[in-house]
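Spelled out from the first residue to the last, the chains are:
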Amino acid sequence: MSTRKREATRTPGVRKVTTATADRVTVTYEARLRGPDGRNHSKTFHRLDDAKAFRTAVLAGRDRGEWKDPRVDRLTFQQWTAAPEWERHQTTLRPKTKEIYKRAIDRAVNSLGSIPLSRITREHVENFRDELLKTLNPGGTNQTIRVLRTCLAHAEKVQLIVRNPASKVRAEDDVRPEDRPERRALSQDEAARLLVATPEKWRALVATSLTLGLRWSELAGLQRKHVDLEAGEIRVERQA
């Protein structure tokens, strides 16, 4: 059986912690402070001077806007993906998007799970990307990297890390939307010739795409019940 006693020291925010067991007494020092997130944080040291120096340095960084949550030193990537902050971030996602996130995060955990969040580097992310490219195409790889980027961006937002190591990592064959050349719309004559050349069984699908601009998943999800010929309406109720 052990007992633990906490006592204030002359340094505000640092407490002396005496732990006594049957055969020994251990003295440590606990540095406590409130972060900009409104929560109390603490870290334990064997020496009073170390606890004082830690608290002074962290407070100075907080005042400069460089706050880093003390728990990040021991928080692994896998633990972060199970943390309430990340779970809350996903509550507004659609079910299908949640499935995409889960697959991507599971892949990332297999590669990065045991690494402390604060020690994940761009090199780690690039190595993870290169491993993914051995089994996934660039599109699937970048979908996974985008989810990882979002996950780490949220860790940055709640000030668990200083910067997002995945912010500029992508597969070589991936092209960002802003880098893609602008697509030219078909003229009416070109659209008419396209419809003539389209097999009859696909003509309604192509005509709908040309006139309404639906996404492919929305087009593929259309069923006869979604089309009201009398009202001239199409209802998009599902994706495929």
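Our structure is the block above this text.
So, here's what we can say about the structure.

So, on to the overall build of the protein. In terms of helices and strands, the protein carries nine helices and six strands. Burial status across the protein gives 31% buried among its 240 residues. For the protein, the proportion of contacts with a sequence separation of at least 24, taken over those separated by at least 6, is 41%. About 16300 Å² of surface is accessible on the protein, with carbon and sulfur atoms providing 49% of the total.

Moving on: the pairing of strand 3 (residues 25–34). The sheet contact formed by strand 2 (residues 14–20) and strand 3 spans seven bridges and is antiparallel. Residue Arg15 lies in a different strand from strand 3, and its bridge partner there is Glu30. Bridge count for strand 3 against strand 4 (residues 40–45) is six bridges, and the pairing is antiparallel. Across the sheet, the residue bridging to Glu30 is Thr44, located in strand 4.

The subject of this paragraph is the pairing of strand 1 (residues 3–8). In terms of burial, strand 1 is largely open, as just zero of its six residues are buried. Connecting the antiparallel pair strand 1 and strand 2 is a turn made up of five residues, with Gly13 showing a positive phi of about 85°.

Time to look at the nonpolar core. Formed by 27 residues in total, the largest nonpolar core has its most connected members in Phe77, Trp80, Leu117, Val125, Leu148 and Leu152. Among the secondary structure elements, those contributing two or more residues to this core are helix 2 (77–81), helix 4 (95–112), helix 5 (122–132) and helix 6 (138–157). Val14, Ala31, Leu33 and Phe45 belong to the second largest nonpolar core, which has nine residues in total.

This next bit is on the packing of aromatic side chains. Scanning all chains against the criterion turns up two aromatic pairs. Relative to Phe54, the ring of Phe45 lies with its centre 5.2 Å away and its plane at 45°, an arrangement referred to as tilted. By the burial criterion, Phe45 is buried, and Phe54 matches it. Ring centres of Trp86 and Tyr101 lie 6.1 Å apart, and the angle between their planes is 15°; this geometry places the pair in the stacked category. With Trp86 in helix 3 (residues 84–89) and Tyr101 in helix 4, this pair connects stretches of sequence that are 15 residues apart. Side by side, Trp86 and Tyr101 carry an identical accessibility label, which is buried.

Turning our attention to the pattern of salt bridges. Inspection of the entire model under this criterion finds 13 salt bridges. Note that Arg47 and Asp50 form a salt bridge whose closest N and O atoms lie 2.8 Å from each other. The exposure class assigned to Asp50 is partly exposed, which follows from its relative accessible area of 31%. Taking the shortest distance from any N to any O, the salt bridge between Arg235 and Glu237 comes out at 2.9 Å. Residue class for Arg235 comes out partly exposed when judged on its relative accessible area of 35%. Judged by relative accessible area, which is 52%, Glu237 ranks as exposed.

Now for a nonpolar patch on the surface. Among the surface-exposed residues, Leu186, Leu194 and Leu210 lie close enough to one another that they form a single nonpolar patch of about 230 Å² accessible area. For Leu194, the location among the structural elements is in helix 7 (residues 188–197). Residue Leu194 is classed as partly exposed on the basis of its relative accessible area, which comes to 35%.

Strands sit in the order 1-2-3-4 across an open sheet of four strands; the sheet is antiparallel. Two strands close off the open sheet at either side, each with one partner strand: strand 1 and strand 4. Geometrically, the sheet is characterised by an average inter-axis angle of 30° between neighbouring strands, direction not taken into account.

The next subject is the environment of Tyr101. For Tyr101, a relative accessible area of 12% gives the class buried. Here the alpha-carbon distance between Tyr101 and Val147, two residues 46 residues apart in the chain, equals 6.1 Å. Setting aside chain neighbours within four positions, we find Tyr101 in contact with Trp86, Gln90, Leu93, Val147 and Thr150.

Scoring rules and cut-offs
Residues numbered from 1 in each chain as written. Predicted model: local features only at pLDDT ≥ 70, side-chain atom pairs only at ≥ 80, totals over all residues. Heavy atoms only, no water. Helix = DSSP H or I, 4+ residues; strand = E, 2+ residues; numbered from the N terminus. Buried < 20%, exposed > 50% of the residue type's maximum accessible area, 1.4 Å probe, protein only. Contact = heavy atoms within 4.5 Å. Areas by Shrake-Rupley, 256 points an atom, 1.4 Å probe, with all protein chains shown as cover. Pairing = 2+ DSSP bridges. Core = buried A, V, L, I, M, F, W, Y, C linked by side-chain atoms within 4.5 Å. Phe/Tyr/Trp six-rings, centres within 6.5 Å; stacked < 30°, edge-to-face > 60°. Salt bridge = Lys/Arg side-chain N within 4 Å of Asp/Glu carboxyl O. Patch = residues over 30% accessible without salt bridge, like charges linked within 9 Å, V, L, I, M, F, W, Y side chains within 5 Å. Axes fitted to C-alpha atoms, helices over the stretch in contact; angles between N-to-C directions.

Take it as geometry only, folks, not as evidence of what the structure does.
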